[in-house]
Structures are given as structure tokens and as C-alpha cells.
Amino acid sequence: MLRILDARTGEPVPAAPARRGLTRIEAHASGLDPTDLRVLLTADLLVRALELGGTPVWTILTAPHRLAELRTAATALAIRPFEDGRDLASGLGDAQAIHVVAGDGGPVPGPGPVASVAPVVWTGEPGPPAADGTRSRATPADSGAGRDTVPGVPPGAPPTPPRLPLPDLLADPAALRLALLSVPRGEPVHLDRAGLDRAAQRLTHWRRAVAAWARRPSRPVPEEVRVRLRAAWEDDLDLPAVLEVLRDVESAPGVPDGARFETYVYADRLLALDLPRDLGALA
């Protein structure tokens with residue numbers, strides 16, 4: 001059974017107390033930045049995990065600003081569509097609601113467990129100047145005595161991390177998704193270009209491996225591997241542990257290539273990294 005850490009109480013709770021009962025996932029985004037995308041990604045993972053367990057899910061997005069742009073970015077990140085929270089119908093009966101919010105998202109309307117998501121911080125080189133001609137302020141590591149103040153920022157103001165425009169982050173959306181999945185949702189994600197490049201390289205490697213394994217006779221997912229995968233994602237959506245299982249399966253002696261293939265395809269129903277993308281690409 002999938003359990004999540006409820007930010008209201010600090011205790012783990014079942015994500016769907018009534019098995020196969022309708023569960024409503026409500027994602028609360030405040031704007032359009034990588035942290036908002038991580039909120040939607042966490043909601044998407046909840047939906048996929050519950051559906052893998054046979055629970056029907058209804059997903060809702062509440063976003064007061066830049067809703068259309070947020071939906072476009074979410075689609076690029078392989079996040080399934082959400083219904084508009086403004087169209088929330090009243091006839092939902094006793095459907096359980098799970099709210100997914102950023103860690104500083106403020107009060108959550110309505111009852112139900114709250115899945116809190118830590119922020120995403122860009123720690124690499126800042127992006128180009130904003131529309132008003134200012135730049136993001138330097139990080140504490142980049143600041144120093146004697147440096148000029150940043151235009152548009154009052155002297156003595158606390159430093160804030162540099163920013164990279166969202167379109168640049170989404171240049172390789174699958175790599176960004178993998179980078180976000182690699183960190184527990186309760187911990188901040190620190191992104192830079194090197195980290196995104198490593199995620200892209202890992203994806204390329206896995207996709208080529210899956211394409212090669214697909215040419216071997218199919219074998220079922222080993223039962224112990226299936227148990228490890230489900231135990232990982234049912235433990236508060238521990239996606240880093242899911243990725244660790246995949247790394248173990250790739251190198252484990254005695255696992256037939258056909259079983260490696262089926263394992264990666266099975267896990268990709270949750271990860272949505274398009275791991276079988278290169279099927280047929282190898283000669």
C-alpha cells in the first residue's frame with residue numbers, strides 16, 4: 001500500500017485508505033518556476049503509483065497565475081494533464097483528497113493529507129538578464145567584499161540563487177525529469193548544467209541498453225525485483241530507491257537480458273522517462 005508523509009501531522013498515512021476508491025490528487029502551484037513543476041511532477045508520480053495499484057484517480061491543478069504556460073511546461077516534462085481546479089465539481093462524494101504543495105505553499109484548503117515538496121534551486125551560471133534589464137543576484141559563494149552591487153538590487157539585500165530560464169531547463173525535458181526524480185521530494189534539488197548533462201548521459205545509456213536487451217528472448221520481471229520496486233515507490237514515493245533498483249538490475253549477474261528489459265519497461269510506467277524510446281534503432 002502506498003503511504004506518504006503527511007505534512008499536516010508529520011506521520012505516514014495511506015495514500016488511498018479505501019482500496020480502489022476514488023482518490024483526488026490536487027496540485028497547488030503558485031506560479032511558473034522549477035519548484036512549481038516539481039509539485040506537478042510529484043502529483044503525476046502519485047497518480048501513476050496509485051493507478052499501478054488499481055486505484056482510480058482524479059487529478060486537479062490549482063494555479064492562480066500563468067496556468068496555460070504551466071500546462072505547456074508540464075506536458076514537455078511528460079506530466080499527465082490535470083483538470084482545472086476552478087472547475088472543481090461538488091458531486092465528489094467521499095473521495096479522498098491528497099494535496100501536493102511546495103514546502104512554503106501556505107495553508108491548504110480542504111481536508112486530506114498534504115505531500116510537501118522541497119524547492120528546486122539553480123546553482124549553475126545565471127541566465128540572461130530579465131526583461132527589466134536586471135540579473136539574478138549572486139549566490140553567497142559568488143558574493144564578496146568590494147564587488148559592485150547588482151543593478152536593481154538594493155545594497156545589503158540578502159543574496160538569492162541565480163536563475164535559469166525555464167525554456168533552457170526544458171531543453172532536454174527527460175533529463176530534467178530524471179534529475180528531479182533522483183532527489184527525495186522532501187530535499188531541495190540543486191541543479192546545474194553538469195548535473196543535467198549527467199542525467200542526459202544516464203538516459204542515453206539506459207535507452208541503448210533497453211534497446212539491446214529487447215533483442216533477447218523475453219523473461220518476466222524477477223519477483224524479488226518487483227517487490228523491491230513496489231516497496232520503494234510505496235514508501236513515500238522513494239524514487240531514488242527505484243532508480244537504485246534499476247542500476248542493480250543492470251549489473252546483477254545471472255539476470256537474463258530479457259528480464260532486464262521487462263524490468264525497465266515495468267518501472268517506466270511510473271518513471272515516464274521513455275526508456276524504450278530506442279527500440280528498433282539498433283541495427
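Residues numbered from 1 in each chain as written. Predicted model: local features only at pLDDT ≥ 70, side-chain atom pairs only at ≥ 80, totals over all residues. Heavy atoms only, no water.

Bringing the pairing of strand β4 (residues 57-62) into the picture now. Counting buried residues along β4, five of its six residues qualify, which places the element largely inside the surrounding structure. As paired elements, strand β3 (residues 23-28) and β4 share six bridges and run parallel to each other. Within the sheet, the bridge partner assigned to Thr 23 lies in β4 and is Val 57. In the classification by handedness, the crossover that spans β3, the intervening helix α1 (residues 34-52) and the parallel β4 is right-handed. Both β4 and strand β5 (residues 83-84) contribute to a ladder of two bridges, which runs parallel. (Buried < 20%, exposed > 50% of the residue type's maximum accessible area, 1.4 Å probe, protein only. Helix = DSSP H or I, 4+ residues; strand = E, 2+ residues; numbered from the N terminus. Pairing = 2+ DSSP bridges. Right-handed = clockwise from strand over helix to strand, strands pointing away.)

Judged by nonpolar contacts, the single largest core of 79 residues is most densely connected at Ile 25, Leu 40, Leu 61, Leu 191 and Leu 271. Among the elements that make up this core, the one with the highest residue count is α1 (11 residues). Ignoring sequence-local partners within four residues, the contact set of Leu 61 consists of Ala 27, Ala 29, Leu 40, Leu 67, Leu 70, Arg 71, Phe 82, Glu 83, Asp 84 and Gly 85. (Core = buried A, V, L, I, M, F, W, Y, C linked by side-chain atoms within 4.5 Å. Contact = heavy atoms within 4.5 Å.)

Although it is not a glycine, Asp 236 sits at a positive phi angle of roughly 55 degrees. Along the polypeptide, Asp 236 turns up in the loop between α6 (223-233) and α7 (239-251). According to the relative accessible area criterion, Asp 236 is partly exposed, its value standing at 22%.

Across four bridges, the pairing between strand β1 (residues 3-6) and strand β2 (residues 11-14) is antiparallel. Each residue of the ladder has a partner; that of Asp 6, found in β2, is Glu 11. Where β1 folds back onto β2 in an antiparallel hairpin, the turn is made up of four residues, including Gly 10, whose phi is positive at roughly 75 degrees.

So, on to the sheet that holds β4. With parallel pairing, five strands are arranged side by side in an open sheet as β5-β4-β3-β6-β7. Strands at the two margins of the open sheet, each flanked by one partner only, are β5 and β7 (114-117). Bridge count for strand β6 (residues 96-102) against β7 is four bridges, and the pairing is parallel. Paired with Val 101 across the strands is Ser 116, a residue of β7.

What follows is about the packing of aromatic side chains. Enumeration over the complete set of coordinates arrives at three aromatic pairs. Geometrically, the ring pair formed by Trp 206 and Tyr 264 is edge-to-face, given 5.6 Å between the ring centres and 85 degrees between the ring planes. On the criterion of sequence distance, the pair formed by Trp 206 in helix α5 (residues 193-213) and Tyr 264 in helix α8 (residues 257-271) is long-range, its members being 58 residues apart. Across the pair, exposure class does not vary: Trp 206 and Tyr 264 are buried alike. Look at Trp 213 and Tyr 264: their rings are 5.0 Å apart centre to centre, the planes differ by 70 degrees, and that puts the pair in the edge-to-face class. Of this pair, Trp 213 sits in helix α5 while Tyr 264 sits in helix α8; the two residues are 51 residues apart in sequence, bridging distant segments of the chain. You'll find Trp 213 and Tyr 264 in the same group, each marked buried. In this structure an aromatic cluster arises from ring pairing among Trp 206, Trp 213 and Tyr 264. (Phe/Tyr/Trp six-rings, centres within 6.5 Å; stacked < 30°, edge-to-face > 60°.)

One way to put it is that α1 packs onto helix α2 (residues 67-76) with a least axis distance of 10 Å and a crossing angle of 60 degrees. Relative to α2, α1 is oriented oblique. Classified by chirality, the crossing of α2 by α1 is right-handed. Residues Asp 36, Leu 37 and Leu 40 of α1 form the contact with α2, whose own contacting residues are Leu 70, Ala 73 and Ala 74. Partitioning the contact of α1 with α2 into residue classes produces five nonpolar, no polar and one charged. (Axes fitted to C-alpha atoms, helices over the stretch in contact; angles between N-to-C directions. Parallel < 35°, antiparallel > 145°, perpendicular 65-115°, else oblique. Left-handed = near helix turned anticlockwise from the far one by under 90°. Nonpolar A, V, L, I, M, F, W, Y, C, P; charged D, E, K, R; others polar.)

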